[in-house]
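Here's the letter readout for the chains.
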Amino acid sequence: MEAIRRIHSAVFIIAFLSTLVASPPLLLAQAWSVQVDRVDPGDVNIEPAFRIAIYENLLVELAKTKQFKQVFRSGDRNASGPEILILKTTVQKYTPGSETRRAVTTVSGATKLNVRSQLCTRQGQVVVERVVDGNVRFFGGNLRATHNLARNVAQALEKSDLPAPTLAVRESK
Amino acid sequence: MMVKIAPFEQNRRALACLPLLSFCAACLMAQNQGSAGPASGSAIRVTHVLGFESTSNNANGELSIQEHTLRFQKSDGSNAQVGVASIQDLSLGVEDKQVGGTALALGRAATPYGGGRLIGLFSHKKYDTLTVEYLDPNGGLHGAIFQLNKGQGQVPKDELVAEGTHVSNPENQLTKPSTPEAKHGGN
């Protein structure tokens, strides 16, 4: 009986330790806060509603991942200190779709977005850079593409390894 | 050579077409009602798509401009507001959407012999979208999108411009949605 109890406690400790080992990216990233910059349309003729929807959805999706300590809006005066990364989003491609065309033909009318997302330090050093797509092909309105895009950006950032804040600040100096 | 169809069979076919026809007629009537022109008062019925201060997405309510304040009053009585002075930019757009939501989307998918596509061809409606960019007291940028009936977008825009709101591209106002499948490449 005593042996079984020991085995149980050993298994529990191993499971706990393996959970800790598996989660350092999250712990490390939570040392950072992020400030979402306004979306740069680049050379692309994107509607203001899409630009704003990408920005607002990014704020929601980044907060959902709990990867960062805090998520700040562009221009927020509370976003101060060295442990803040700035998320810059530049639209690279935009294919306006049509919900009616999707409903009628199924195969055409997709709304497609492609953006370059960069996480930068205040000094301008790029920490993470990803190119992300967001589309709506079958169901949903055109603005749903912005929600899908923001979710994909948040997932891409969640998967990426961020440096420790002190290291990143020292390197940029 | 004439093919005779039994009167009973004829009636059955006519009855089968009736629900589809009545549905299409209802959709067309809904479209006409939507383009009935701007509201006379300052409060306009809108759907909040996203982004406005402490308001849930896709909430219906009334948008009004009173005492230098842009106010969104939800159907349940609660309201949210921002000062007109904090509005940084304003733009209008046009959006073409399918009506009926998820229920009709499922109905379309379930209709046999491609009937769903035919329904989809008629069950769409054009809306105006009003996009408002404003700053909160901390200087944080917010963006809100409202969906209005077609032709009503100009009313709040004119009122906000009269209150001194900045409009970045006044010549591009009420921009039509770009041609589908026309790609805009940045690089």
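Above this text is the structure in question.
So, how was this worked out
Residues numbered from 1 in each chain as written. Chains lettered and ligands numbered in written order. Predicted model: local features only at pLDDT ≥ 70, side-chain atom pairs only at ≥ 80, totals over all residues. Heavy atoms only, no water. Helix = DSSP H or I, 4+ residues; strand = E, 2+ residues; numbered from the N terminus. Buried < 20%, exposed > 50% of the residue type's maximum accessible area, 1.4 Å probe, protein only. Contact = heavy atoms within 4.5 Å. Axes fitted to C-alpha atoms, helices over the stretch in contact; angles between N-to-C directions. Parallel < 35°, antiparallel > 145°, perpendicular 65-115°, else oblique. Left-handed = near helix turned anticlockwise from the far one by under 90°. Nonpolar A, V, L, I, M, F, W, Y, C, P; charged D, E, K, R; others polar. Pairing = 2+ DSSP bridges. Salt bridge = Lys/Arg side-chain N within 4 Å of Asp/Glu carboxyl O. Buried area = accessible area lost by both parts, 1.4 Å probe. Polar contact = N/O pair within 3.5 Å; in protein donor to acceptor, adjacent residues only side chain to side chain. Phe/Tyr/Trp six-rings, centres within 6.5 Å; stacked < 30°, edge-to-face > 60°.

Draft legend 1. Spotlight on the overall build of chain A. Along chain A, the regular secondary structure elements total six helices and five strands. Helices and strands appear in chain A in the N-to-C order α-α-β-α-β-β-α-β-β-α-α. When the 173 residues of chain A are sorted by exposure, 47% land in the buried category. Of the contacts formed within chain A by residues at least 6 apart in sequence, a portion of 68% connects residues at least 24 apart.

Draft legend 2. Representation of the packing of helix H3 (residues 48-65) of chain A against helix H5 (residues 144-159) of chain A within the structure. Residues and elements named next belong to chain A. At a minimum axis distance of 8 Å, the contact between H3 and H5 shows a crossing angle of 40°. Classed by the angle they form, the pair H3 and H5 counts as oblique. Here H3 runs over H5; the crossing is right-handed. Counted together, Phe 50, Ala 53, Ile 54, Asn 57, Leu 58, Glu 61, Leu 62 and Thr 65 of H3 and Thr 146, His 147, Leu 149, Ala 150, Arg 151, Val 153, Ala 154, Leu 157 and Glu 158 of H5 form the full contact between these two elements. Class assignment of the residues belonging to the contact of H3 with H5 gives a composition of 10 nonpolar, four polar and three charged.

Draft legend 3. Up close: the sheet that holds strand S7 (residues 141-149) of chain B. Residue and element names in this part refer to chain B. Taken together, the seven strands give an open sheet; going across it, the order is S4-S3-S2-S1-S7-S6-S5, and neighbouring strands pair in antiparallel fashion. Strands with a single pairing partner mark the edges of an open sheet, and in this sheet they are strand S4 (79-83) and strand S5 (87-98). Shown here is a sheet whose adjacent strand axes are inclined to one another by a mean of 30°, direction ignored. The sheet contact formed by strand S1 (residues 44-50) and S7 spans four bridges and is antiparallel. Across the sheet, residue Thr 47 finds its bridge partner in S7, namely Gln 147.

Draft legend 4. View of the pattern of salt bridges. Counted under the stated rule, the structure contains six salt bridges over all chains. Here Glu 133 of chain B and Arg 51 of chain A are joined by a salt bridge, their closest N and O atoms 3.3 Å apart. Of this pair, Glu 133 of chain B sits in strand S6 (residues 124-135) while Arg 51 of chain A is found in helix H3, placing the two residues in two different chains. On the basis of relative accessible area, Glu 133 of chain B is assigned to the buried category, the value being 4%. Classification of Arg 51 of chain A as buried rests on a relative accessible area of 16%.

Draft legend 5. Quick look at the interface of chain A and chain B. Counting residues at the interface gives 39 residues for chain A and 37 residues for chain B. Summed over both partners, the interface of chain A with chain B buries about 3200 Å², with 51% contributed by carbon and sulfur atoms. Inspection of the region where chain A meets chain B yields two salt bridges. In this structure, Arg 38 of chain A and Glu 133 of chain B form a salt bridge, with 3.4 Å as the shortest nitrogen-oxygen distance. Across the chain A-chain B interface, the total number found is 16 residue pairs in polar contact (both at pLDDT 80 or more). Breaking the side of chain A that touches chain B down by element, the ones donating at least two residues are H3, strand S3 (84-95) and helix H4 (99-105) of chain A. If you tally residues by element for the side of chain A that touches chain B, the top one is H3 of chain A, at eight residues. Residue composition of the side of chain A that touches chain B, by class: 13 nonpolar, 15 polar and 11 charged.

Draft legend 6. The arrangement of unusual backbone geometry in detail. All names here are of chain B. The phi dihedral of Asn 58 falls on the positive side, at around 60°, and the residue is not glycine. Positionally, Asn 58 belongs in the loop between S1 and strand S2 (59-66). One non-glycine residue, His 68, adopts positive backbone phi at about 60°. Residue placement: His 68 occurs in the loop between S2 and strand S3 (69-74). Here His 68 falls in the exposed class, since its relative accessible area comes to 56%.

Draft legend 7. Structural view of the side chain of Ser 160 of chain A. Residue and element names in this part refer to chain A. Inspection of the secondary structure puts Ser 160 in the loop between H5 and helix H6 (165-172). There is a polar contact of 2.7 Å between the side chain of Ser 160 and the backbone oxygen of Leu 157. Other than its neighbours up to four places away in sequence, Ser 160 contacts Gln 67, Val 128 and Arg 130.

Draft legend 8. A look at the packing of aromatic side chains. Considering all chains together, one arrives at four aromatic pairs over all chains under this definition. Pairing Phe 50 of chain A with Tyr 94 of chain A gives two aromatic rings, centres 5.2 Å apart and planes at 55°, and the pair type is tilted. Here Phe 50 of chain A, found in helix H3, pairs with Tyr 94 of chain A, found in strand S3; they are 44 residues apart in sequence, far enough to count as distant. These aromatic residues form a ring-pair network of at least three members: Phe 52, Phe 72, Tyr 134 and Phe 146 of chain B.

Draft legend 9. Summary view of the pairing of S4 of chain B. Along S4 of chain B, the buried face is formed by Ala 80 and Val 82 of chain B; none of Asn 79, Gln 81 and Gly 83 of chain B, which line the opposite face, is buried. Between S3 of chain B and the antiparallel strand that follows it, S4 of chain B, lie four residues; Gly 77 of chain B among them carries a positive phi value of about 105°.

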